[in-house]
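# Structure at a glance
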Amino acid sequence: QDQFVESGGGLVQPGGSLRLSCVASLLDFRYQTIAWYRQGPGKQRELVASVTTYGARDYADFVKGRFTISRDSAKNTVFLQMDSLTPEDTAIYYCNTEQPQNFRPWGQGTQVTVSS
């Protein structure tokens, strides 16, 4: 029943790297702009990055130059390569469409913790 399954999170030291994966069970995956979101402790969920069906990418200012989003449409999968991680990147990371729909539940997310 889950439409989004995130994985790849973990504990890393500042300056380290991590790659997140998201498998999306969407019939129209190839025609959807897919995005990564995150929610840090005591904070609201925020947009991190997005990638269109054509591969065009957009990033929040706070991750630009450090994160890279990509997609493999044949596998219904979206990736988030995270480099130069800082403690401020600590959050639960989720994937969803660019315009999340109420009828489409969020996944459980994957925890990213950056600490020395």
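Here is a short report on the structure shown in this document. The residue count restarts for each chain, going from 1 along the sequence in the order it is written. With pLDDT at 70 or above as the cut-off, local features in this predicted model cover only qualifying residues; side-chain atom pairs require 80 or more to be listed or tallied, and sums for whole chains, interfaces and linings still use all residues. As a rule here, side-chain values come from all non-hydrogen atoms in the structure, and water together with hydrogens is ignored.

## A word on the state of the cysteines
Count a disulfide wherever a pair of cysteine sulfur atoms falls within 2.5 Å. Considering all chains together, one arrives at 1 disulfide under this definition. The partner cysteine of Cys22 in its disulfide is Cys95, sulfur to sulfur 1.8 Å. Here Cys22 and Cys95 share a disulfide; its torsion about the S-S bond, 65°, makes the bridge right-handed. You can see Cys22 sitting in strand E3 (residues 18-24) and its partner Cys95 sitting in strand E9 (residues 91-97), a full 73 residues away along the chain. Secondary structure elements follow DSSP: runs of H or I of four or more residues count as helices, runs of E of two or more count as strands, with numbering from the N terminus.

## Digging into the sheet that holds strand E4 (residues 34-39)
One key point about sheets: their strands pair by backbone hydrogen bonds, in either a parallel or an antiparallel sense. Read from one edge to the other, the open sheet built from 6 strands follows the order E2-E10-E9-E4-E5-E6, with strand pairing classed as mixed. Two strands in the sheet have a free side with no partner beyond their single neighbour: strand E2 (10-12) and strand E6 (57-59). Going from strand to strand, the sheet's axes swing by 25° on average, the running direction of each strand aside. Being paired, for any two strands, means DSSP has found at least two bridges between them. Where E2 and strand E10 (residues 110-114) come together, 3 bridges link them in parallel fashion. Angular values range over 0 to 180 degrees, each being the angle between N-to-C directions of two axes fitted as lines to C-alpha atoms, with helices fitted over their stretch in contact.

## A short note on the environment of Ser84
Locating Ser84 in the fold gives a position in the loop between strand E8 (77-82) and E9. Remark: the alpha-carbon pair of Ser84 and Phe29, spanning 55 residues in sequence, is separated by 30 Å. Contacts between residues were defined by any pair of non-hydrogen atoms, one from each residue, lying within 4.5 Å. Setting aside anything within four residues of it in sequence, one finds Ser84 in contact with Gly15, Gly16, Ser17, Arg66 and Asp89.

## Some words on unusual backbone geometry
Note: most peptide bonds trans; most residues except glycine with negative phi. Here the phi dihedral of Asn76 falls at roughly 50°; this positive angle occurs in a residue that is not glycine. With respect to the helices and strands, the residue Asn76 is situated in the loop between strand E7 (67-72) and E8. A residue is classified by how much of its surface remains accessible, and Asn76, at 22% relative accessible area, is partly exposed. Classification of residues uses two cut-offs on accessible area relative to the type maximum, computed with a 1.4 Å probe and protein chains only: under 20% is buried, over 50% is exposed, and between them is partly exposed.

## Description of the sheet that holds E3
Read from one edge of the open sheet, 4 strands run E1-E3-E8-E7, paired in antiparallel fashion. Of all the strands in the sheet, the pair left with one neighbour each is strand E1 (4-7) and E7. Geometrically, the sheet is characterised by an average inter-axis angle of 15° between neighbouring strands, direction not taken into account. Of the strand pairs in this sheet, E3 and E8 are connected by 6 bridges, and their pairing is antiparallel. From the neighbouring strand, Leu18 faces E8, where its bridge partner is Met82.

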